[in-house]
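The chain contents come next:
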Amino acid sequence: MINTEWKFYKGRMDNAFAKAFDDASWATVNIPHTWNNIDGQNGTVGGKDINDTDYFRGDGWYRKKIFLDTDECDKIIYLRFQGANMQTEIFVNGIFVGNHKGGYTAFSFNITPQLKFGSENLIAIKINNERTDEIAPITADFTFYGGIYRELELIKKEKLHFSFGEHATRGIKISTPVVNEEKAICEISAVVENNTNADKDLNILAKIGADNIPAENPYINKTDFDNSISKRAEFSAELCSKITVAANTHKAVQFTFEIDNPHLWNGRKDPYLYGVSLEIEQDGRIIDTVVDSVGLRYFNIDKNEGFFLNGKSYPLRGVSRHQDREKLGNAITNNEHNEDFAIIYDMGVNALRLAHYPQAEYFYRLCDYYGIVVWAEIPVVDLIGGSGTFNNPDNLRKEFFNTTKQQLREMINQNYNHPSIICWGIQNEIQNKFDDVMRPFTEELHSISKSEDKYRYTTMATNHRGAFNWKSDLMAWNVYPGWYGMSRKQLGYFMDRNRCNRPTGISEYGAGGNYLQHEIKPKKPKHNGQWHPEEYQTISHEAFLKSINERSYLWCTFVWNMFDFGSDGRNEGNRPGMNDKGLVSFDRKVKKDSYFLYQSNWSENPMVHITGKRLTERRKRTEIKIYSNCEAVTLYVNDVKIKTIEASCNRQKGIFIFKSVKLIRTKNAIKAIAKYDSKEYCDSTEFLCK
């Protein structure tokens, strides 16, 4: 990695790529970095429109000098970006190397021809995050943070090495064309590059066995499975192939392993992973190695019965996740990814929609390791760029088509090996006015997806019925009853009347909630107003969850959103620049009551939570609501037992309601004791009655 001590300048600057350019006055920053971590989250004066933003969108320049020893002159040097938003131009020693369009996938460049060994080399990078009709997303309800916001790698390879290919992969591809309880076939492939002037005789070694890339999360204390590494080493095999690669060419290799009675990757209960590696050996010396993990699983989705994992019903119930943080923007490290993932995992989800763009490869690896099923998607949101028809587009629309297809191919190839991913999303809420374009364009995107990956589904998220005519294997609705229309109790009614001839799910649903605003009996607030009481969000999710639990045909449901996130054009809920539909606060410090509602329904770890703790002032007679997945809950007020409620007596799973509880005219100590498997679990708070 070369992520430290970069010189940075925000704004247009001529000749900043030149070696002689003086950058002494520039700021010094570390990567990951964004220039919009503050202004991309502070809102726009008077703005209540996601397109009415005033955060800086333009050029940002990065410069760094690196020294390369002369003994590295026989190496091939790559510069690999894990993510930079959204257009990138690279210069080495004042020479233009190349550019990349798209802000959420990895890309790499061979910078060897521009380097000088035995001396310092200048790397200059220009990033631009201006709105453009050429690159998706054009507009969306989130901030388009500019910068090199994911890690930057300087990769040194021998002239004989495994190729990254045109899509900047890690050099190894793993397919599982056959998986069942009796047998699995695992195909491991790669491309060997020979950048020398001589033919090379090589041994290529393929190994499968113990998972060699653990992704253990230090924030997770308890898992649904035995996560000991030794458990993941019950099978091993090795194959070798002798090949000759002609001078200055490349050659594909493939190995096929057959595994009897395979240990299946089985979601949260048993996310078993096999380790896979490939090695290039010449004259007894290992020249290059690539490694990855594979999970053996099979799945299908039925229009009436939903999602099945390894032949068993496995309804996908989870959340969507944006990758940004308060005051950090999207420039986050593995530590923040780990913390996010642990909060999500502890809530009990078994699925994630990683929206609205490809997310960090490390986060996908966490999903593999902990058994969370993933919907991954490209950032095609709201609008189609340019003008003209599909067959006769103007230049802007033609480039939009090209960059979108490029982003799709990059996403699929870079994330192909992840067993957690079961579908590729090809659009989100593209407006119905683009119907004449989207009909043929989704046909093309679907076809590309199948050509790159014939084993996974395509899917899309929509908020209108026009998308029923657009091509994909699966469908899901973005619907917000009780927030943008209808009653919060009409989610099931809406879904029953808006199914199509494909499996149908819910890609987004939710309501805003400010954990600093409270109301005992909240009425439906204005979605774009300044009053978003947490209690309304809570009762909305209770209604949503009831509708979901009654409908087995829903192949997926994803809460919008797991975390509050930056959307600079918003000005609502007394928090400008933020979408407050999260179950957890933007800074991750506060879990709203709705979080515990889902935990009581989805988690197998015993829990109990008294709701409304932040609504401390209560009437003399008050309702106390408790979420728990335990067998029974007993309420105490000032150490006096009020009542015990058995879970079997509840009208809705996980919700224990103690009505008309009498408080005294002072502080009241509230305690809930829940029983689960002969053990007790406790939560407490304090209410004030004046």
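For the structure itself, look to the data block above.
Not measured: the values here are computed from a predicted model.

Draft legend 1. Local environment of the overall build of the protein chain. Counting its regular elements, the protein chain contains seven helices and 40 strands. Taken over the C-alpha trace, the protein chain has a radius of gyration of 27 Å; the compact-globule value for 690 residues is 26 Å, and the two agree within 12%. With respect to the principal axes defined by its C-alpha atoms, the protein chain has extents near 90 × 60 × 50 Å. Counting across all 690 residues of the protein chain, residues that qualify as buried make up 62%. If you sum the accessible surface of the protein chain, you get close to 26800 Å²; carbon and sulfur atoms cover 45% of it.

Draft legend 2. Region of the structure containing unusual backbone geometry. With an omega of -10°, the peptide bond running from Ala355 to His356 counts as cis. Asn561 follows Trp560 through a cis peptide bond whose omega is 15°. Along the chain, Asn561 turns up in the loop between strand E30 (556-559) and strand E31 (565-566). Although it is not a glycine, Ala168 adopts a positive phi angle of roughly 55°. Among the structural elements, Ala168 can be located in the loop between strand E10 (160-162) and strand E11 (173-179). Residue Ser678 is not a glycine yet carries a positive backbone phi of 70°. Note that Ser678 resides in the loop between strand E39 (667-676) and strand E40 (679-689). Accessibility expressed as a relative area gives 80% for Ser678, which makes it exposed.

Draft legend 3. Spotlight on the sheet that holds strand E9 (residues 152-157). The sheet built from three strands is open, its strands ordered E7-E4-E9 with antiparallel pairing. The outermost strands of the open sheet, each flanked by one partner alone, are strand E7 (107-110) and E9. In this sheet, adjacent strand axes meet at a mean angle of 25° when their direction is disregarded. With four bridges joining them, strand E4 (residues 76-81) and E7 adopt antiparallel strand pairing. Residue pairing across strands places Tyr78 opposite Asn110, the latter belonging to E7.

Draft legend 4. Region of the structure containing empty space enclosed by the protein. Applying the stated criterion across every chain, the model contains one cavity of 30 Å³ or more. Empty space within the largest cavity amounts to approximately 70 Å³. Surrounding the largest cavity, Asn85, Tyr104, Phe142, Thr143, Tyr145, His322, Gln323, Asp324, Asn330, Tyr357 and Gly566 form its lining. Each residue belonging to the lining of the largest cavity can be placed in one class, and the counts come to four nonpolar, six polar and one charged.

Draft legend 5. A look at the layout of surface pockets. When its volume is computed, the largest pocket comes out at roughly 1200 Å³. Lining the largest pocket are 37 residues, and of these Ile539, Glu542, Glu623, Lys625 and Ile657 sit closest to its centre. For the lining of the largest pocket, the secondary-structure elements that each account for two or more residues are helix H5 (491-496), helix H6 (534-549), strand E35 (621-628), strand E37 (640-646) and strand E38 (655-662). Sorting elements by how many residues they give to the lining of the largest pocket places H6 first, with seven residues. When grouped by side-chain class, the residues that make up the lining of the largest pocket number 12 nonpolar, eight polar and 17 charged.

Draft legend 6. Seen up close, the pattern of salt bridges. All chains considered together, the criterion is met by 36 salt bridges. Its salt-bridge partner being Glu153, residue Arg80 comes within 3.3 Å of it at the nearest N-O pair. A residue pair is termed long-range when its members are at least 10 positions apart, and Arg80 in strand E4 and Glu153 in strand E9 qualify at 73 residues. The burial state of Arg80 is the same as that of Glu153; both residues are buried. Residue Arg170 is joined to Glu153 by a salt bridge in which the shortest nitrogen-to-oxygen separation is 2.9 Å. Of the two residues, Arg170 sits in the loop between E10 and E11 while Glu153 sits in strand E9, which places them 17 residues apart along the sequence. In the salt-bridge network here, residues are joined through shared partners; they are Arg321, Arg325, Glu339, Asp340 and Arg588.

Draft legend 7. Up close: a positive patch on the surface. Judged by side-chain charge, Lys489, Lys643, Arg651 and Lys659 come together as a positively charged surface patch. Mapped onto the secondary structure, Lys659 falls in strand E38.

Draft legend 8. Spatial organisation of helix H7 (residues 593-602). Within H7, 10 of the 10 residues are buried, leaving the element largely enclosed by the surrounding structure. Listed in full, the buried residues belonging to H7 are Asp593, Ser594, Tyr595, Phe596, Leu597, Tyr598, Gln599, Ser600, Asn601 and Trp602.

Draft legend 9. Looking closely at the sheet that holds strand E18 (residues 274-282). The sheet built from four strands is open, its strands ordered E14-E13-E18-E19 with antiparallel pairing. Looking at strand neighbours, the two that pair on one side only are strand E14 (237-245) and strand E19 (285-294), the edges of this open sheet. Averaged over all adjacent pairs, the angle separating strand axes in this sheet is 20°, with direction ignored. Here strand E13 (residues 200-210) runs beside E18; their pairing, made up of eight bridges, is antiparallel. Following the sheet pairing, Gly209 is matched in E18 by Gly275.

Draft legend 10. Geometry of helix H2 (residues 361-370). With respect to burial, H2 is a largely interior element, nine of its 10 residues being buried. Gly371 sits one or two positions beyond H2 and adopts a positive phi of about 80°.

Draft legend 11. Region of interest: the packing of aromatic side chains. Across all of its chains, the model carries 39 aromatic pairs by this definition. Here Trp35 and Phe56 contribute two aromatic rings whose centre-to-centre distance is 6.3 Å and whose plane-to-plane angle is 70°, an arrangement assigned as edge-to-face. On the criterion of sequence distance, the pair formed by Trp35 in the loop between strand E2 (27-29) and strand E3 (59-68) and Phe56 in the loop between E2 and E3 is long-range, its members being 21 residues apart. Judged by its relative accessible area of 27%, Phe56 is partly exposed. Residues Phe341 and Tyr345 carry aromatic rings whose centres are separated by 6.2 Å and whose planes lie at 20° to one another, so their mutual orientation is stacked. Of this pair, Phe341 and Tyr345 are both found in helix H1 (residues 334-347), four residues apart, which corresponds to roughly one turn of the helix. Residues Phe341 and Tyr345 agree in their burial class; the two are buried.

Draft legend 12. Examining the pairing of strand E27 (residues 457-462) more closely. Within E27, six of the six residues are buried, which leaves the element mostly enclosed by the surrounding structure. Of the two faces of E27, the one lined by Tyr457, Thr459 and Ala461 and the one lined by Thr458, Met460 and Thr462 are each fully buried. Sheet topology places strand E26 (residues 421-428) next to E27; four bridges connect them, and they run parallel. Bridge pairing in E27 places Trp424 opposite Thr458. Looking at chain direction, E27 and strand E28 (residues 475-478) are connected through two bridges and run parallel. Bridge assignment links Thr462 to a residue of E28, and that residue is Trp477.

Draft legend 13. Examining the packing of H1 against H7 more closely. In contact at an axis separation of 8 Å, H1 and H7 are set at 55° when each is read in the N-to-C sense. Regarding the angle of H1 to H7, the classification is oblique. Between H1 and H7, the contacting residues are Ile343, Asp346 and Met347 on the first element and Tyr595, Tyr598, Gln599 and Trp602 on the second. Partitioned by chemical class, the residues of the contact of H1 with H7 number five nonpolar, one polar and one charged.

Draft legend 14. Structural context of the side chain of Arg321. Note that Arg321 resides in strand E23 (residues 316-321). Dropping the residues within four chain positions of it, Arg321 is found in contact with Ile332, His337, Asp340, Ile344, Arg353, Leu354, Ala355, Gln359, Phe363, Asn561 and Phe563.

Here is what the cut-offs are and how they apply
Residues numbered from 1 in each chain as written. Predicted model: local features only at pLDDT ≥ 70, side-chain atom pairs only at ≥ 80, totals over all residues. Heavy atoms only, no water. Helix = DSSP H or I, 4+ residues; strand = E, 2+ residues; numbered from the N terminus. Rg over C-alpha atoms; globule rule 2.2 N^0.38 Å. Buried < 20%, exposed > 50% of the residue type's maximum accessible area, 1.4 Å probe, protein only. Areas by Shrake-Rupley, 256 points an atom, 1.4 Å probe, with all protein chains shown as cover. Pairing = 2+ DSSP bridges. Axes fitted to C-alpha atoms, helices over the stretch in contact; angles between N-to-C directions. 1 Å grid on protein atoms, 1.4 Å probe; cavity = no way out; pocket = protein on both sides within 12 Å on 5 of 7 lines; lining within 4 Å. Points joined across faces, edges and corners; volume = space filled by probe spheres on them. Nonpolar A, V, L, I, M, F, W, Y, C, P; charged D, E, K, R; others polar. Salt bridge = Lys/Arg side-chain N within 4 Å of Asp/Glu carboxyl O. Patch = residues over 30% accessible without salt bridge, like charges linked within 9 Å, V, L, I, M, F, W, Y side chains within 5 Å. Lys, Arg positive; Asp, Glu negative; His and termini not counted. Charge placed at Lys NZ, Arg CZ, Asp CG, Glu CD. Phe/Tyr/Trp six-rings, centres within 6.5 Å; stacked < 30°, edge-to-face > 60°. Parallel < 35°, antiparallel > 145°, perpendicular 65-115°, else oblique. Contact = heavy atoms within 4.5 Å.

Don't take any of this as a statement about function, it's just geometry.
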